[in-house]
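Results of the structural survey
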Amino acid sequence: MKIKKIVNNIINIRNEFDEDVYGLPHNINKVFTFCGLKIKLNISMKNYFKRSIKQWYIKEEHQEKNQIYPRRPSIYRLFFNYIFSKCPTLVFCHHMVTTFCTLKCKDCCCFIPYYDKTSHLKPISFEQFKQELDLLLKEVASVEIYSFMGGEPLLVKDLPQMIEYAAKQKKIKFIYITTNGTIVPSDDLLREIKKFSNKIKISISNYNSNPALSEKLHYEELFSVLKKYNIKYEYFKEAHWYTNIEFVNQNNDFEVAYNNFSNCYMKHCITYMGGKLYLCPLVAYLERNHKISEEQAVIDFNNGLKNREKLIRFLEKSYFEVCGHCNHNNVKETIVAEQINGKV
């Protein structure tokens, strides 16, 4: 009977958060009974769970039929880790292993063409990657979805070693490798991915609607080798691109920052690069190019000072002041992967 009661309590917690994700009325000061303990959620705790869980639901909304996605993160595991061990869970984390790329897309959501020579991240070594990943995993209970990002990650020489190391980490539950389809993976890389095929999936960007890229894209060859090695991959049939968000220097009030964050499509794109965790790829670009200070939506894991506490506060936030500088008014649909000619 006691086990049944505990299971029912866990189910009730899950159902309460499911309702909240879909926008149904929810009491912020809800008291949960978990394994016989009464736990009151304050506003900060609630923000943490809302942000964590909504990331997963947004991902599910974009699923296509017959696509294999990893299971949802366990809501009661998120709850347990946060309440009892004060150890946060990252639902998504995009680890940028280089900002070098084979394309120069005008409206790249990571703003890659706009990095300058001093801020560009050359393909990192395995030693640097291991150091960065160890710093991150030390402060979290788990990373549910971990993504190798660029730039173009297939440009990174040590990628096979990096994949092996990341895949062996128990705290990392599932891995994506994002590629633009211009590079066919080497046999060494394919063999390494195949060893962990139950934990890794390739995400291939679809730029087929841009005829100017036809000679650079190698989709058919890429599909062929992935099938040969029995590696799971996703390739969306349709792609929609939008012009980049403009960053303005004017200081806006709380309401603007809050609304911008609430409605931003990049708010769940937590980016990790050079041992620093950024709210989104735009913040990463701005900080590395010295357009904003590090204190704005950035956690530097390299300094080792109360990083777990900083991360919890980071995940509890319902908005960031830096979001008040974003101008969403001029965002509109545009050409997929339109290329920039010459220097930016």
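Quantities reported herein were computed from a predicted structural model and do not represent experimental measurements.

Among covalent bonds in proteins, the disulfide is the one between the sulfur atoms of two cysteines. Tallying each qualifying case throughout the model produces zero disulfides. With no disulfide of its own, C105 has C108 as its nearest cysteine by sulfur position, at a separation of 6.1 Å. Between C326, a free cysteine, and C323, which holds the nearest cysteine sulfur, the sulfur-to-sulfur gap is 6.0 Å. On the basis of relative accessibility, which here comes to 14%, the residue C326 falls in the buried class.

Before going further, it helps to examine the confidence of the model for the chain. Taken residue by residue, the chain gives an average pLDDT of 82. The fraction at 70 or more is 76%. Within the chain, helix 5 (residues 159-167) carries the highest mean pLDDT (98), whereas strand 1 (residues 31-34) carries the lowest (48). Low pLDDT, under 50, characterises residues 16-32; the stretch is placed with 38 contacts to residues that sit more than four places away or in other chains.

Bringing the side chain of N180 into the picture now. Counting through the fold element by element, N180 comes out in the loop between strand 5 (175-179) and helix 6 (187-195). Here T182 takes part through its side chain, which lies 2.6 Å from a polar atom of the side chain of N180. Here N180 is in contact with C101, T102, L103, E152, S205, Y207, L217 and Y219, once residues within four sequence places are set aside.

This part covers the sheet that holds strand 5. Ordered by their spatial adjacency, eight strands build an open sheet running 7-6-5-4-3-10-11-12, and the pairing between neighbours is mixed. Bordering the open sheet on either side are strand 7 (233-235) and strand 12 (298-300), each of which pairs with just one other strand. Shown here is a sheet whose adjacent strand axes are inclined to one another by a mean of 25°, direction ignored. Bridging between strand 5 and strand 6 (residues 200-204) involves five bridges; their strand directions are parallel. Directly across from I177, in strand 6, lies its bridge partner I202. Most of the contacts of helix 4 (residues 126-137) go to strand 3 (residues 89-96), to which it runs at about 165°, and overall it touches strand 3, strand 4 (142-149), strand 10 (271-273) and strand 11 (276-278).

Reading the values: rules and limits
Once a new chain begins, its residue numbering starts again from 1 and follows that chain's sequence as written. The model is predicted, so local features are restricted to residues of pLDDT at least 70 and side-chain atom pairs to those at 80 or more, both for listing and for counting; the totals for chains, interfaces and linings are taken over all residues. Think of the side-chain values as coming from all heavy atoms in the structure, minus any hydrogens and water. Pairs of cysteine sulfur atoms within 2.5 Å are identified as disulfides in what follows. Whether a residue is buried, partly exposed or exposed follows from its accessible area with a 1.4 Å probe, protein chains only, as a fraction of its type maximum: under 20%, in between, or over 50%, in that order. Per-residue confidence from the predictor is reported as pLDDT, which spans 0 to 100. Secondary structure elements follow DSSP: runs of H or I no shorter than four residues count as helices, runs of E no shorter than two count as strands, and numbering proceeds from the N terminus. Contacts are assigned to residue pairs with any non-hydrogen atoms lying within 4.5 Å of each other. In the analysis that follows, any N or O atom pair within 3.5 Å is treated as a polar contact, provided that within protein one partner can donate a hydrogen and the other can accept it, and provided that, for residues neighboring in sequence, both atoms belong to side chains. Strand pairing is assigned whenever DSSP detects at least two bridges linking the two strands. Axis geometry follows a simple rule: fit a line to the C-alpha atoms, using only the stretch in contact for helices, then measure angles between N-to-C directions, giving values from 0 to 180 degrees.

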